[in-house]
Amino acid sequence: MKKDIFKIANTKLRSRLIVGTGKYKNFVETAKAVQASGADMVTVAVRRINITDKKKPILTDFLNPKKITLLPNTAGCFSSFEALRTLRLAREMGGWKLVKLEVLGDKKTLLPNMIETVKTTKILVKEGFEVMVYCTDDPLLAKKLEDYGASAIMPLASPIGSGLGFQNKMNITLIIKNAKVPVIVDAGIGAPSDATLAMELGCDGVLINSAIAKANKPILMAKAFKDAVISGRNAFLAGRMKKNYFGSPSSPIKGLI
Amino acid sequence: MAKIQLNGKKISIRSNLSILDLLKKYKLHDRKVAIEHNGSIVAKSNYNKKFLKNKDRVEIVHFIGGG
């Protein structure tokens, strides 16, 4: 069988599960959940350092950037200006150009502002960034992002942190069918079954944060998502059976007594 | 003495302090951080060449957990 390789821009990944590192109780739990998830790429945010409390632990003490790809995001940015500022700083800090762009449009729903997102994608690509773009599940806008040079399309299943799962399977399917770059479902996944569905539909990967961090047992849930993604991917590669509207017996008719 | 704004807070520093001196003052020189000085990003190679003056704005950022 051909090797199933997952590559975003120039970065090869072993796991199709990407996890966020927010909302955990502490860094020990974060690190354990990341390990249990099998993810080799995690998202991180860029924030002011605490200058008064020097002993406060920092994330990179717990997640080794040499072993795990840190994907800087622009979470919390509501304008192109803020997003650009954040990612330029991230590039200076990390030294890598693969980043995740999200420009939010509304504090209540956290839905993306696609006008700012498209504009910012163009600028970042011009500046040499490899941009993975969080977006609505609009197939035409997703295609536009790809045309403007996005390295991955990251449509939402439902709003960030909502856990509502897929609300428009058809749109996600259309995005997948149109895309030549990886499609990674980014937000709204609530349970491992949602992640399996994403992979069965043909997504290249999924990004999970809240569904793991907010589970009663995050480390066990991380493992559940790992298995769910592998299972969904295998199902996609295997090719599911055709749907029929009538029954079809599983046992032979011939030889019935 | 010079008064600067560091991560949104007003602080007093001695005159002729470089970015590198500022990082050392807060023991951040070995940490993975990025710096913005009056709205422009400062390359690591310029930390000892950029000096702070009155009313400067400095942002020191790092990676934290996020989704």
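The following paragraphs examine the structure supplied in this document. (Residues numbered from 1 in each chain as written. Chains lettered and ligands numbered in written order. Predicted model: local features only at pLDDT ≥ 70, side-chain atom pairs only at ≥ 80, totals over all residues. Heavy atoms only, no water.)

## Side note on the overall build of chain B
- Across its full length, chain B holds one helix and five strands.
- From first element to last, N terminus to C terminus, chain B shows the α and β order β-β-α-β-β-β.
- Taken over C-alpha atoms, the radius of gyration comes to 12 Å for chain B, in line with the 11 Å a tight globule of 67 residues would show.
- Counting only C-alpha atoms, chain B reaches 40 × 25 × 20 Å along its principal axes.
- Taken across its 67 residues, chain B has 43% of its residues classed as buried.
- Contacts spanning at least 24 positions in sequence make up 52% of the contacts within chain B whose residues lie at least 6 apart.
- Of the roughly 3,700 Å² of accessible surface on chain B, 48% is carried by carbon and sulfur atoms.
- One way to put it: in chain B the 15 positive side-chain charges average out to a point 3 Å from where the 5 negative ones average out. (Helix = DSSP H or I, 4+ residues; strand = E, 2+ residues; numbered from the N terminus. Rg over C-alpha atoms; globule rule 2.2 N^0.38 Å. Buried < 20%, exposed > 50% of the residue type's maximum accessible area, 1.4 Å probe, protein only. Contact = heavy atoms within 4.5 Å. Areas by Shrake-Rupley, 256 points an atom, 1.4 Å probe, with all protein chains shown as cover. Lys, Arg positive; Asp, Glu negative; His and termini not counted. Charge placed at Lys NZ, Arg CZ, Asp CG, Glu CD.)

## Here's the deal with the side chain of N171 of chain A
All names here are of chain A.
- With respect to the element layout, N171 can be found in helix 5 (residues 169-178).
- For N171, a relative accessible area of 13% corresponds to the buried category.
- A polar side-chain atom of N171 sits 2.9 Å from the main-chain carbonyl oxygen of D137.
- Apart from residues no more than four positions distant in its own chain, N171 is found in contact with D137, D138 and P139. (Polar contact = N/O pair within 3.5 Å; in protein donor to acceptor, adjacent residues only side chain to side chain.)

## As for the packing of helix 1 (residues 27-37) of chain A against helix 8 (residues 218-238) of chain A
Residue and element names in this part refer to chain A.
- Direction vectors running N to C along helix 1 and helix 8 enclose 25°, while the axes themselves pass 7 Å from each other. One finds that helix 1 runs roughly parallel with respect to helix 8. As for the relative orientation of helix 1 and helix 8, their crossing is right-handed in sense. In this structure, helix 1 uses E29, K32, A33, A36 and S37 to contact helix 8, whose residues at the interface are P218, I219, A222, K223 and K226. (Axes fitted to C-alpha atoms, helices over the stretch in contact; angles between N-to-C directions. Parallel < 35°, antiparallel > 145°, perpendicular 65-115°, else oblique. Left-handed = near helix turned anticlockwise from the far one by under 90°.)

## Here's the deal with the environment of E200 of chain A
Residues and elements named next belong to chain A.
- Secondary-structure assignment places E200 in helix 6 (residues 192-201).
- Residue E200 is classed as partly exposed on the basis of its relative accessible area, which comes to 42%.
- Residues E200 and R233, 33 residues apart in the sequence, show an inter-C-alpha distance of 6.1 Å.

## Brief notes about the environment of Y47 of chain B
Residues and elements named next belong to chain B.
- Mapped onto the secondary structure, Y47 falls in the loop between strand 4 (40-42) and strand 5 (57-65).
- The exposure class of Y47 is buried, given its relative accessible area of 9%.
- Once the C-alpha coordinates of Y47 and L20 are considered, the two residues, 27 residues apart in sequence, prove to be 4.9 Å apart.
- Beyond its immediate stretch of four places on either side in the chain, Y47 contacts S18, I19, L20, L23, V33, A34, I35 and V42.

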